[in-house]
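Summary of structural features
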Amino acid sequence: MPSAKPSSTFSFCTKTNIYSLAVITFFCSFSYFLGSWQHGRGTSSTTAEFSLRGRCNPSQNSTNTALNDPFLAQLSIDFSTHHAAEDGAATVPEEKVKSYPACGVEYSEYTPCEGTKRALKFERERLIYRERHCPEKGDLLKCRIPAPYGYRNPPAWPASRDVAWYANVPHKELTVEKAVQNWIIYEGDRFRFPGGGTMFPNGADAYIDDIGKLINLKDGSIRTAIDTGCGVASWGAYLLSRNIITMSFAPRDTHEAQVQFALERGVPALIGVLASIRLPYPSRAFDMAHCSRCLIPWGQYDGVYLIEVDRVLRPGGYWVLSGPPINWKKHWRGWERTEKDLKAEQQTIENVAKSLCWKKLVEKDDIAIWQKPINHLYCKVNRKITQNPPFCLPKDPDRAWYTKMETCLTPLPEVSYSQELAGGELAKWPERLNVIPPRISSGSINGVTAEIFQLNSELWKKRMSYYKAVNNQLRQPGRYRNLLDMNAYLGGFAAALVEDPVWVMNVVPVDAKINTLGVIYERGLIGTYQNWCEAMSTYPRTYDLIHADSVFSLYKDRCEMEDILLEMDRILRPEGSVILRDDVDVLVKIKRITDGLNWMSRIVDHEDGPHQREKLLFAVKSYWTAPAAADQEGS
């Protein structure tokens, strides 16, 4: 697709010779940039704003209007090298910018660590072949993943909850396979999501209301949830209006593109599966876990999957189950299973839940709910009678990156009396966001005090104000929806955006010195672990904006800078934005690579002024797609 070019703002006398023209142009330009630089010294060189077009209006053509923007037209020609020299660092010699070609259209939905061909090399038992299996370094792609032809940025939230463009996810399989279950409907150039599900044909809203009659979903005590085997994530989508944020996950290709549909709708989701390794979340992360006909064999393998749910569930948290075998007396014929089989399955689940010291609160119609104990005082007494499952040996319960599941019960923090909540009381939402998280107040996070937490919160309010001054589209509701923070620390970036119609995937790198993901969940936010030398378990074009604070300094000498940037390019939408914070020398190297990725970028001063070595790089990915197929060109 052709890109618009910035028009010239100069006019010269027609009689001027070529040499004079060049001299005049040089001095005019030099005077302009010098004046701009001097004018900006007192405030910052970043008083100009981004003015990039946001999520495409369905009636607009997806043309790259960003190149007409005056801010982006004034790219940092010598800004970075000027600051490097000023700060005493060696000036980086000019090198030829490496160009990164487009990958073939067959890679438009490429998920490196969930590739179907590579997966076939691994065991099918317990779905191990659907876990993460990443390519070796020599197999990494060095090309840019194309968007499918006709790609359009999603509608703004909340309209995106109900509509996705067909061109973005050209798969009709679910519209046929789940037609009677009201998951998804194909209509012309779009998909519509009525909010239905296998066990809630009347819609997710009505189903959630039914759950709300059994446990309190309105008082802020339930804030974080996890949906195992999420379909198109309608349960999580409709919980958002109740101020409950859900981490939805499903394996790649169980049903074609279900997680991709969830992300197109603007709903948090990751590719994932309960198989042999722990889910990539800390212990005591979620207030509620949910399975609606998710087809997970809860009673098999010594109950290991329910044991893993117990690990990530908060003390006093709920497990909601609907679908087989619940209400089997009514549904057994429709499920095409015998009464004896379903009765035995339910009894096995009941036995596993009881062995975890869970209490069954209620079973009404198609919904059953269990509650995890608030501490393990009684459970430890019970273990003197039965040892199945035993308590796990002292290990880090938050360690969850390629960590094998175990058939042992993760012990809760010690308590002094029977009514004490293990790990500390959590405030209700929204107060939960800003009060000192229990992991910090208890001293469980080495090197992070209550004072550091409060200072960090104030720092991110200041930083977000600066970000919005530089990129004015951060102030415009609907421009961004799906955000990623690649090095979240205490979740300050996400907390500063909590009033905006966005959600943030907070990543704590496994290489970070301190594991703070548990703190992020205690604030009522969501996130995951990630090694940025590997690909993320998500589809291309997941995020509208990516934020990375010191990520490249963290991964220096661990893996190639270009591989991290190529992964960012893969998961960033066309016309998506990037904000990078790092040492100026690091950003200079990054900018050379992003130029090769055809991102438009500019290095700007730190919010505290030009004398800080840390700088910021603001960038925008250009709009481009795979070419039209031969059968589309003539249509």
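As a starting point, this report considers the structure included with it.

**Section: the overall build of the protein chain**
Looking only at helices and strands, the protein chain has 20 helices and 17 strands in total. Put simply, the protein chain has 635 residues, and 56% of those count as buried. Sequence-distant contacts in the protein chain: of pairs separated by 6 or more residues, those separated by 24 or more amount to 70%. Just so you have it, the protein chain exposes about 28,000 Å², and 53% of that area is on carbon and sulfur atoms.

**What to know about the side chain of Asp287**
Along the chain, Asp287 turns up in strand 7 (residues 286-292). On the accessibility criterion, Asp287 (6% relative accessible area) is buried. Looking at Asp287, its side chain comes within polar contact range of the main-chain nitrogen of Arg223, at 2.8 Å. Polar contacts involving the side chain of Asp287 include one to the side chain of Arg314, which spans 2.9 Å. Apart from residues lying up to four places away in sequence, Asp287 is in contact with Ser221, Ile222, Arg223, Thr224, Leu313, Arg314, Gly317, Tyr318 and Arg432.

**Describing unusual backbone geometry**
Cis geometry marks the peptide bond from Trp157 to Pro158, where omega comes out at 10°. The residue Pro158 is located in the loop between helix 4 (116-119) and strand 1 (163-165) in this model. Look at the link from Trp429 to Pro430: it is a cis peptide, with omega at 10°. Checked against the element boundaries, Pro430 lands in the loop between helix 12 (377-382) and helix 13 (438-441). The phi torsion at Asp302 lies on the positive side, around 60°, for a residue other than glycine. By the element assignment, Asp302 lies in the loop between strand 7 and helix 9 (304-312). The phi dihedral of Tyr489 is positive, around 55°, even though this residue is not glycine.

**Brief notes about the sheet that holds strand 8 (residues 313-322)**
Think of a sheet as strands paired side by side through backbone hydrogen bonds, with each pair either parallel or antiparallel. On the basis of which strands lie adjacent, the open sheet formed by 7 strands has the order 6-5-4-7-8-10-9 and mixed pairing. The sheet is open, and its two borders are formed by strand 6 (269-271) and strand 9 (359-364), each paired with just one other strand. Taken pair by pair, the neighbouring strands of this sheet meet at an average axis angle of 20°, ignoring direction. Bridging between strand 9 and strand 10 (residues 367-371) involves 5 bridges; their strand directions are antiparallel.

**Notes on the environment of Arg439**
Mapping Arg439 onto the fold places it in helix 13. Separated by 10 residues in sequence, Arg439 and Thr449 place their C-alpha atoms 9.8 Å apart. Beyond its immediate sequence surroundings of up to four residues, Arg439 is in contact with Ser283, Arg284, Asp398, Ser444, Ile445, Gly518, Val519 and Glu522.

**A word on empty space enclosed by the protein**
A full pass over the atoms with the stated rule returns 5 cavities of 30 Å³ or more. Looking at the largest cavity, its volume works out to about 280 Å³. Lining the largest cavity are 22 residues, with Arg132, Ile271, Gly272, Pro280 and Ser537 sitting closest to its centre. Residue assignment for the lining of the largest cavity shows that the elements contributing at least two residues are strand 6 and strand 13 (527-530). For the lining of the largest cavity, the element with the most residues is strand 13, which contributes 3 residues.

Reading the values: the criteria
Residues numbered from 1 in each chain as written. Predicted model: local features only at pLDDT ≥ 70, side-chain atom pairs only at ≥ 80, totals over all residues. Heavy atoms only, no water. Helix = DSSP H or I, 4+ residues; strand = E, 2+ residues; numbered from the N terminus. Buried < 20%, exposed > 50% of the residue type's maximum accessible area, 1.4 Å probe, protein only. Contact = heavy atoms within 4.5 Å. Areas by Shrake-Rupley, 256 points an atom, 1.4 Å probe, with all protein chains shown as cover. Polar contact = N/O pair within 3.5 Å; in protein donor to acceptor, adjacent residues only side chain to side chain. Pairing = 2+ DSSP bridges. Axes fitted to C-alpha atoms, helices over the stretch in contact; angles between N-to-C directions. 1 Å grid on protein atoms, 1.4 Å probe; cavity = no way out; pocket = protein on both sides within 12 Å on 5 of 7 lines; lining within 4 Å. Points joined across faces, edges and corners; volume = space filled by probe spheres on them.

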